[in-house]
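Understanding the architecture of this molecule
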Amino acid sequence: MASMTDMIFLLLIFFMITSTVVIPNAIKVVLPQSQKQTAAKPLTRLTIDAQLNYYVAFGKQKEKQISFEEIAPFLQECYAKEPEMYVALYADETIPYREVVKALDIANQNQFKMVLVTRPN
């Protein structure tokens, strides 16, 4: 069990380091700060606001609110259109860590490339 936890922390640190700045998001989310952002261009956005509402968007689409159960099917649909896609995770800094892990699990189970979006220091 400890090795699974270690792996999750390593993945989280990796995603935090390789996070990116992408299309501005209309949903009010206070992103955590990070020293570095990369130039990866995610096509799909997953947003979790402070009230634990989930929003998704593909490409230049406007975000739409969905339930947690609808996230994986939505991302699979996007992946079918664009197999090289990145998923940008916009998670409000106040949400419980377990919510971020749940989103990372979806990406891991489906082999999606996910980046955590942060704001610069």
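Small disclaimer: the values here were computed from a predicted structure and weren't measured.

A few words on the side chain of Thr 44. With respect to the helices, strands and loops of the structure, Thr 44 is situated in strand 2 (residues 44–48). Judged by its relative accessible area of 0%, Thr 44 is buried. Ignoring anything within four residues of it in the chain, the contact list for Thr 44 reads Ala 57, Phe 58, Phe 74, Leu 75, Cys 78, Met 85, Tyr 86, Val 87 and Ala 88.

Considering all chains together, one arrives at two aromatic pairs under this definition. Seen in terms of ring centroids, Tyr 79 and Phe 112 are 5.6 Å apart; in terms of plane orientation they differ by 55°. Their pairing is tilted. Here Phe 112 lies in the loop between helix 3 (97–110) and strand 6 (113–116) and Tyr 79 lies in helix 2 (residues 71–81), a separation of 33 residues in the sequence. Relative accessible area serves as the criterion here: at 34%, Tyr 79 is assigned to the partly exposed category. For the cation-ring pair, Lys 102 lies above Phe 68, with the distance from its terminal atom to the ring centre recorded as 4.7 Å. Over the face of the ring belonging to Tyr 86 we find Lys 113, whose NZ or CZ atom lies 5.1 Å from the ring centre.

The next subject is the sheet that holds strand 4 (residues 64–66). Spatially, five strands are ordered 4-3-2-5-6 in an open sheet, and the strand pairing comes out mixed. Looking at strand neighbours, the two that pair on one side only are strand 4 and strand 6, the edges of this open sheet. Averaged over all pairs of adjacent strands, the angle between strand axes in this sheet comes to 30°, irrespective of strand direction. Along the sheet, helix 2 contacts strand 2, strand 3 (54–58), strand 4 and strand 5 (86–91); its crossing angle with strand 3, the most-contacted strand, is approximately 10°. Of the strands in this sheet, strand 2, strand 3, strand 5 and strand 6 touch helix 3, which is tilted by about 155° from strand 6.

Let us now look at the environment of Arg 45. Position of Arg 45 among the secondary structure elements: in strand 2. Sequence-wise, Arg 45 and Val 87 are 42 residues apart; in three dimensions their C-alpha atoms are separated by 5.6 Å. Only 2.8 Å separates the side chain of Arg 45 from the backbone oxygen of Gln 61, close enough to count as a polar contact. A distance of 2.9 Å separates a polar atom in the side chain of Arg 45 from a polar atom in the side chain of Glu 63.

This part is about the nonpolar core. Leu 46, Ile 71, Leu 75, Val 87, Leu 89, Val 100 and Met 114 are the most contacted members of the largest nonpolar core, which totals 23 residues. Mapped onto this core, the elements with two or more residues apiece are strand 2, strand 3, helix 2, strand 5, helix 3 and strand 6. Considering each element in turn, this core owes the most residues, five residues, to helix 3. Apart from residues no more than four positions distant in its own chain, Leu 46 is found in contact with Tyr 55, Val 56, Ile 71, Val 87, Ala 88, Leu 89, Tyr 90, Ala 103 and Met 114.

Each value, and the rule that gives it
- Residues numbered from 1 in each chain as written.
- Predicted model: local features only at pLDDT ≥ 70, side-chain atom pairs only at ≥ 80, totals over all residues.
- Heavy atoms only, no water.
- Helix = DSSP H or I, 4+ residues; strand = E, 2+ residues; numbered from the N terminus.
- Buried < 20%, exposed > 50% of the residue type's maximum accessible area, 1.4 Å probe, protein only.
- Contact = heavy atoms within 4.5 Å.
- Phe/Tyr/Trp six-rings, centres within 6.5 Å; stacked < 30°, edge-to-face > 60°.
- Lys NZ or Arg CZ within 6 Å of the ring centre and 35° of its normal.
- Pairing = 2+ DSSP bridges.
- Axes fitted to C-alpha atoms, helices over the stretch in contact; angles between N-to-C directions.
- Polar contact = N/O pair within 3.5 Å; in protein donor to acceptor, adjacent residues only side chain to side chain.
- Core = buried A, V, L, I, M, F, W, Y, C linked by side-chain atoms within 4.5 Å.

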